[in-house]
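# Structure assessment
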Amino acid sequence: SIYENKFKPFTISFGLNTLLKYTSNSYVGDVNSLNCLHNGSLYLFGELKGRFRNFGYVAGLGVSNQWYSQWCHRYNFWLFRPKLTLNYSLVRNMKLRYMVEIYEHVSKVAMISDTRIRTNEMEWTVGNPNITPNRCLQQQFRLSYDIPRLSSNLDVVYRQHHNPNMASYSRTDDNQFLY
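So, here's what we can say about the structure.

Rules used throughout
Residues numbered from 1 in each chain as written. Predicted model: local features only at pLDDT ≥ 70, side-chain atom pairs only at ≥ 80, totals over all residues. Heavy atoms only, no water. Helix = DSSP H or I, 4+ residues; strand = E, 2+ residues; numbered from the N terminus. Buried < 20%, exposed > 50% of the residue type's maximum accessible area, 1.4 Å probe, protein only. Phe/Tyr/Trp six-rings, centres within 6.5 Å; stacked < 30°, edge-to-face > 60°. Lys NZ or Arg CZ within 6 Å of the ring centre and 35° of its normal. Polar contact = N/O pair within 3.5 Å; in protein donor to acceptor, adjacent residues only side chain to side chain. Contact = heavy atoms within 4.5 Å. Salt bridge = Lys/Arg side-chain N within 4 Å of Asp/Glu carboxyl O.

Moving on to unusual backbone geometry. Positioned with a positive phi, Asn93 is a non-glycine residue whose angle comes to about 70°. The topology assignment puts Asn93 in the loop between strand 5 (73-91) and strand 6 (94-105). Judged by relative accessible area, Asn93 falls into the partly exposed class, the value being 34%. If you check the backbone angles, Asn163 has positive phi at about 55° while not being a glycine. By the secondary structure assignment, Asn163 is in the loop between strand 10 (150-162) and strand 11 (170-171).

As structure tokens, this is what we get:
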């Protein structure tokens, strides 16, 4: 749900985004496994946006929560999420934009299950239920030129993951490769 109020020099908005999910995957064939995952998310935010001459701005604050449980494995990840966007109109149809934000990266559900899935005769994909979300910082500069039937952008993006979840390959004694 979103609340928005337009004042003379700026607009203020508030919102809430939630998700509750239960997943029950049963794997049969080469692998017999049952995964029962409970996960959910909550995102609360407030935003202030406005314009002053050739400048536009959006400043936001939010907090998010990601939680997950599967048998004895669980996490509850809270993150403070600031966001800032600044726009400047250089000349007609050309704009410069700077964006910075912090957000969470959550691994796919298949990667947090405890199931081993055979990829081929020698390779397996192995989930890890101890994987937790991590924080990402992203900064972006964009130079854009827009006219009817033509839109072009030049983007420079810097993204920094704090304590990322890394993948690895390991070889077992019976020559199986686990990803």
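This paragraph deals with the packing of aromatic side chains. Going through the model one piece at a time under the given rule, you end up with six aromatic pairs. Judged by centre distance (6.4 Å) and plane angle (20°), the ring pair of Tyr3 and Phe14 falls under stacked. Residue Tyr3 is located in strand 1 (residues 2-6), and its partner Phe14 is located in strand 2 (residues 10-27); the two are separated by eleven residues in the primary sequence. Here the basic side chain of Arg81 rests over the ring of Tyr43, its NZ or CZ set 4.2 Å away from the ring centre.

This part is about the side chain of Gln140. Along the chain, Gln140 falls in strand 9 (residues 134-147). Side chain to side chain, Gln140 and Asp155 meet in a polar contact 3.4 Å long. When neighbours within four sequence positions are excluded, Gln140 is seen to be in contact with Arg97, Tyr98, Met99, Asp155, Val156 and Val157.

Okay, the side chain of Ser13 next. Its location among the elements puts Ser13 in strand 2. Ignoring anything within four residues of it in the chain, the contact list for Ser13 reads Tyr3, Glu4, Phe45, Gly46 and Glu47.

The next subject is the pattern of salt bridges. The final tally for this structure, using the stated rule, is three salt bridges. Note that Glu104 is salt-bridged to Arg81, the shortest N-O span being 3.4 Å. A residue pair is termed long-range when its members are at least 10 positions apart, and Glu104 in strand 6 and Arg81 in strand 5 qualify at 23 residues. By relative accessible area, which is 16% here, Glu104 ends up buried. On the accessibility criterion, Arg81 (13% relative accessible area) is buried. Arg142 is the salt-bridge partner of Asp155, the closest N and O atoms lying 2.7 Å from each other. On the criterion of sequence distance, the pair formed by Asp155 in strand 10 and Arg142 in strand 9 is long-range, its members being 13 residues apart. Judged by relative accessible area, which is 23%, Arg142 ranks as partly exposed.

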